[in-house]
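# Observations on the three-dimensional arrangement
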Amino acid sequence: MSIRSIKKQMRAHHVSMATRLARFAALAALGALTLAGCSGGSTTEPNPIPPGSAMPDSNYSGPGAADDEIRAFQNGFWTNIRGTDRCGGCHNATGQAPSFARSDDVNQAYQQAIGIVNRENPSLSALVTKVAGGHNCWRGDTGACTADLITWINAWVGAEDTSGKQIQLIEPQPIEPGASKRFPALPPAAFKPVYDLLDQYCSSCHQPNSATAQSPFFAAGDRNDPNILTSDEYLEAYHASQAKINLNEPALSRFVVRLGKESHNCWTDCSANAAALLARIQALANAIPVDPTPPGTLSKALTLYDGTIASGGSRYERNIVALYEFKTGSGNIAYDTSGVAPAADLELTMPSAAGPGIEWVGGYGINIRSGRAKTFGAPSRKFYDKISATGEYTVEAWVVPGNVTQEDARIVSYSGSATTRNFTLGQQLYNYEFAGRSSATNADGAPRLSTDPDKEVLQSSLQHVVLTFDPVNGRRIYVNGQFTGDVDRSGGGTLEAWDNSFALFLGNEASGNRQWQGVVRLAAVYSRALTLQQINQNFEAGVGQKFFLLFGVSHIINVPQAYILFEATQYDSYGYLFTNPKFISLDETATPGSIRLKGMRIGVNGAESQVGQAYRLLDMNISSEMYSAATGQLLSSVGTIIPVEQGPEADQFFLCFDALGTETNACTQYAVGVAPTPVLAEASSDIGVKLFDAINATMSTITGVPQNNAKVKATYASVRQSLPAVNDIQGYLSSHQTSLAQLALQYCNVMMDTPSLRDVFFSGINYSSPLTEADYSAVNANGQAVIDQLHSKMIGASISQPNLTEFRTDMGDLMESLCNPNLPTVVIAPATRNRACGTVNPQTNVNRTVEVIKAACGAALGNAATLVQ
């Protein structure tokens, strides 16, 4: 990523933790700034209509805008904030200064607004930071309000060109690593008073068995249980509490801030309740000793929030209708932060006794395990209004499918039932599906457009998926910035058949019976079909809570303002993602010369992380020949995951080097890190199932039939997507067994029809003789030989279940039934019904003995013994 145009901003004074967190609250809502040089910026459009506003404002009768700048202010910002339910209720012509929301004169309102808006960095505007601190937010979440304000300010100041905004790299205040407090592996005695208060007042929600359960479950268990201190529930509560407690600065603990400043679920007086909880957290912090500064060649230290926010820096968001960034992190509402009125917020199915529901994911996102997210009320109508006016649309989502075995599951759906929709993004095993209603398709959006099954585009990993529709090209699917190449055979069409009464759903259908499981980290809907360039721009921008972290190393090497720069993000609730480390100096005149770098490791809270040390084998030179003042020098393109310990506000990172320049001091001298917080979930089974390719290879090896045999190859191609794709035995479905049986029978069919293969597998079998006694009451010697050889070749003596005795009984019953000519036609086809084993039908030339052996072979080959591992 180019850093050519990143500006440097020196801090003139020490920034306290509280100030940094306040600044982060504003930065967290940033959605329209770009990192120049990354993606080329967005297309300039003259005088755009701002999100959610009308032109002209029919409710305004005052003097007209004096110039184009004031007109841009009016259209992009003022129209959206002057309502009495927003800023206009106080900051009007006769109310509180500054009167930037006055409705009598837009020119005077403009003069008042320019003093509280930062045109270079709207997220740092005094107006934004004021609202970020909780001042007069007109929505249920301050993050949603600040996101709206930033969107509207950008619509104003970026009306002529939105490509020039730049992210400023803020040179961090130098902090020495170590000297921090860390939670011990087991709960200390001082945690019990904290837990008692949480359990007493928070257990109605933050307990897994609550009727209104909401994670994290820091109130799990019962404080009055005499065995609580040794229970799994108490340990779960301890681990869940750690991210909400700041041992180094207890007053900044999320528990305390949530009560004292956000008035969340206070049981009497919020200030008094926050003080009571703070006193217990302070006592806990006092009981945990400070870790000494570790030895070694160490960089300066940073928390995640000491970095410069990087995500969303170059997103293309013109013509957006709704945007869900999932930044709230709690509650049952995911806010629409598009700035387009009316806001189509999503209501989430919360965890309860009825099911696991939807949980928030750290670093922005929701984890859909059951239920759905749904728009509610009249705002759903805006999707119809905006899109039907243009006749085209785009659906964008950053998703992590829970698995690749989900069938007919709905990820994003604008619909009215399981069979009526306007559009749907769905999952069918390894495929993304696009069902879109138009004049060229039916009310269900069929025929659906699907990605090529052979490409297996859908994977259980973070993917950027975009659907577009326009009257010329019809439907298109893009994954990770690339067009999949799947052509819409239905063509384009019009949207006059759309229904304006539908709602938008994530994770399920209106009917509630098309469950999708996975993580959604961003979702957006546009009223235009994005181009490939615009889609790529959003893919390159990334998603989530991303930062540039600058680890200072000037004190180790003789290079001014020298840093190791990482792109870092809170990947989920349990880990941080570190990627693309670079050496860079913020002094454009500096040159590194020749600096050796060996064995770089990432430390957390005074100790080396136990896992994720992807850079420990680095051994390279930082040189003037490889270094660029504009881009620095890339050290590695590898990424790694570092576990969360105390949460992004408190976890302090640093780098250690076995060698950097002339300094050498092995990293492994200092203390072992704290083990990652375990996820208390039901343990997975030690027994798994083979995957589709392994199943095919196993059957080929056992029977001797090559995998490229035409009949076998065709059968495998038709059933492959219905064979197991994950090893988890709990995910094994009846559809898997049906497909497994088809493949097994085809292998046995080819083997028995090929004498050279049949004779290698079986020996001493008479294929013209019966397999059972004359009265069909038992198998004869010929049938017994078939059974024993099937067990030997397909089950084996080392398998305890089924053993040979059990196998003989079950397979014998099967042969006796299939050889009996008196069975009904549902079992034996009419043409061969009256022909017992050992006979040949002269009309069809069917050898019943061979056919029954094929069936027995298929039953044995499709047995669990060849599937389970």
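The structure we're discussing is the one just above.
Basis of the calculations
- Residues numbered from 1 in each chain as written.
- Predicted model: local features only at pLDDT ≥ 70, side-chain atom pairs only at ≥ 80, totals over all residues.
- Heavy atoms only, no water.
- Helix = DSSP H or I, 4+ residues; strand = E, 2+ residues; numbered from the N terminus.
- Buried < 20%, exposed > 50% of the residue type's maximum accessible area, 1.4 Å probe, protein only.
- Phe/Tyr/Trp six-rings, centres within 6.5 Å; stacked < 30°, edge-to-face > 60°.
- Lys NZ or Arg CZ within 6 Å of the ring centre and 35° of its normal.
- Core = buried A, V, L, I, M, F, W, Y, C linked by side-chain atoms within 4.5 Å.
- Contact = heavy atoms within 4.5 Å.
- Pairing = 2+ DSSP bridges.
- Axes fitted to C-alpha atoms, helices over the stretch in contact; angles between N-to-C directions.
- Parallel < 35°, antiparallel > 145°, perpendicular 65-115°, else oblique.
- Left-handed = near helix turned anticlockwise from the far one by under 90°.
- Nonpolar A, V, L, I, M, F, W, Y, C, P; charged D, E, K, R; others polar.
- Expected span 1.5 Å × (residues − 1).
- Patch = residues over 30% accessible without salt bridge, like charges linked within 9 Å, V, L, I, M, F, W, Y side chains within 5 Å.
- Areas by Shrake-Rupley, 256 points an atom, 1.4 Å probe, with all protein chains shown as cover.
- Salt bridge = Lys/Arg side-chain N within 4 Å of Asp/Glu carboxyl O.
- Disulfide = S-S within 2.5 Å.

Of note, Ala287 is situated in helix 9 (residues 270–287). Residue classification places Ala287 among the partly exposed positions, given a relative accessible area of 49%. Sequence separation between Ala287 and Ala190 is 97 residues, and the spatial gap between their C-alpha atoms is 6.7 Å.

Take the packing of aromatic side chains next. Under the defined criterion, the tally for this structure stands at 34 aromatic pairs. With a centroid separation of 5.9 Å and 15 degrees between ring planes, the pair formed by Trp398 and Phe539 is classed as stacked. Note that Trp398 is positioned in strand 12 (residues 393–401) and Phe539 in helix 11 (residues 532–541), a separation of 141 residues in sequence. Relative accessible area serves as the criterion here: at 5%, Trp398 is assigned to the buried category. By relative accessible area, Phe539 is classed as partly exposed at 24%. For the pair Phe578 and Phe653, a centre-to-centre distance of 5.2 Å together with 70 degrees between the ring planes defines the contact as edge-to-face. With a gap of 75 residues between them, Phe578 in strand 24 (residues 575–585) and Phe653 in strand 30 (residues 652–660) connect regions that are remote in the sequence. Residue Phe578 is classed as buried on the basis of its relative accessible area, which comes to 0%. Feature note: the residues Phe383, Tyr393, Tyr414, Phe423, Phe434, Phe469, Trp498 and Phe502 constitute an aromatic cluster, connected by ring pairs. For Arg521, the ring lying beneath its charged end belongs to Tyr571, and the centroid distance is 5.8 Å.

What follows covers the nonpolar core. Counting residues in each nonpolar core, the largest one holds 91 residues, and the members touching the most others are Phe423, Phe762 and Leu790. Residue contributions to this core peak at eight residues, all from helix 14 (residues 734–753). Discounting residues that sit within four places of it in the chain, Phe762 has contacts with Met751, Met752, Tyr767, Val786, Gln789, Leu790 and Ile853. Phe547, Phe583, Leu586 and Leu597 belong to the second-largest nonpolar core, a separate cluster that totals 41 residues.

Most of strand 23 (residues 562–570) sits out of view: nine of its nine residues are buried. Side chains Ala562, Ile564, Phe566, Ala568 and Gln570 project from strand 23 onto one buried face, and the interleaved Tyr563, Leu565, Glu567 and Thr569 project onto a second face that is buried too. As paired elements, strand 22 (residues 546–552) and strand 23 share seven bridges and run antiparallel to each other. For Leu549, the partnering residue across the bridge sits in strand 23 and is Phe566. Relative to strand 24, strand 23 runs antiparallel, the two being bridged by eight bridges. Bridge pairing in strand 24 links Ala562 to Ser585. Once strand 23 ends, the chain turns through four residues before running back antiparallel as strand 24.

Between helix 16 (residues 781–795) and helix 17 (residues 804–819), the least distance of the axes is 10 Å, while the angle of their chain directions is 130 degrees. Regarding the angle of helix 16 to helix 17, the classification is oblique. Between helix 16 and helix 17 lies a crossing of right-handed hand. Residues Gly783, Gln784, Val786, Ile787, Asp788, Leu790, His791 and Ile795 of helix 16 lie in contact with helix 17, whose contacting residues are Leu804, Phe807, Arg808, Met811, Gly812 and Met815. Within the contact of helix 16 with helix 17, the residues separate by chemical class into eight nonpolar, four polar and two charged.

With that settled, the discussion passes to the pairing of strand 17 (residues 463–470). Burial analysis of strand 17 places eight of its eight residues in the buried class, the great majority of the element. Alternating residues of strand 17 divide into Gln463, Val465, Leu467 and Phe469 and His464, Val466, Thr468 and Asp470, and every residue in both groups is buried. When strand 12 meets strand 17, the two strands line up antiparallel, connected through seven bridges. Counted as the bridge partner of Ala397 is Val465 from strand 17. In this structure, strand 17 lies alongside strand 18 (residues 474–479), joined through six bridges in antiparallel fashion. In the sheet register, Val466 faces strand 18, and the bridge partner there is Tyr478.

Turning our eyes to something else, we now look at the sheet that holds strand 13 (residues 409–415). On the basis of which strands lie adjacent, the open sheet formed by eight strands has the order 7-8-11-20-13-14-15-16 and antiparallel pairing. Edge positions in the open sheet fall to strand 7 (333–334) and strand 16 (449–450), since each of these has one partner strand only. Taken together, the two bridges between strand 11 (residues 373–375) and strand 20 (residues 503–506) define a ladder with antiparallel strand orientation. Within the sheet, the bridge partner assigned to Lys374 lies in strand 20 and is Phe505.

Across its 12 residues, helix 6 (residues 191–202) extends 16 Å between first and last C-alpha, which sits within 8% of the 16 Å expected from 1.5 Å per residue. Along helix 6, nine of the 12 residues are buried, which leaves the element largely enclosed by surrounding structure. Within helix 6 the residues assigned to the buried category are Phe191, Lys192, Val194, Tyr195, Asp196, Leu197, Leu198, Asp199 and Cys202. The inward-facing, buried residues of helix 6 contact helix 7 (232–242), helix 8 (254–260) and helix 9.

Further remarks concern a nonpolar patch on the surface. Together, Ile687, Ile729 and Val868 give the surface a local cluster of nonpolar side chains, amounting to about 210 Å² of exposed area. By the secondary structure assignment, Val868 is in the segment after helix 18 (848–861).

With that settled, consider the packing of helix 2 (residues 68–81) against helix 3 (residues 106–113). Here helix 2 crosses helix 3 at 80 degrees, and the two axes come no closer than 10 Å. Here helix 3 runs roughly perpendicular to helix 2, going by the angle between their axes. The residues of helix 3 that touch helix 2, namely those facing Glu69, Ile70, Phe73, Gln74 and Trp78, are Val106, Asn107, Ala109, Tyr110 and Ala113. Residue composition of the contact of helix 2 with helix 3, by class: seven nonpolar, two polar and one charged.

Throughout the structure, instances matching the rule amount to four disulfides. Paired by a disulfide, Cys748 and Cys857 hold their sulfur atoms 2.0 Å apart. Taking the sign of the S-S torsion, -75 degrees for the link of Cys748 and Cys857, the bridge is left-handed. Here Cys748, found in helix 14, pairs with Cys857, found in helix 18; they are 109 residues apart in sequence, far enough to count as distant. Just as Cys748 is buried, Cys857 falls in that class too. Between the sulfur atoms of Cys819 and its disulfide partner Cys837 the distance amounts to 1.9 Å. The sign of the S-S torsion, about -85 degrees, decides the handedness of the disulfide formed by Cys819 and Cys837: left-handed. Of this pair, Cys819 sits in helix 17 while Cys837 sits in the loop between helix 17 and helix 18, and the two are 18 residues apart along the sequence. Per residue, the accessibility class of Cys819 equals that of Cys837, and both read buried. In this structure Cys87 is not part of a disulfide, and its nearest cysteine sulfur, from Cys90, lies 8.8 Å away.

That's the geometry; what it means functionally is another story.
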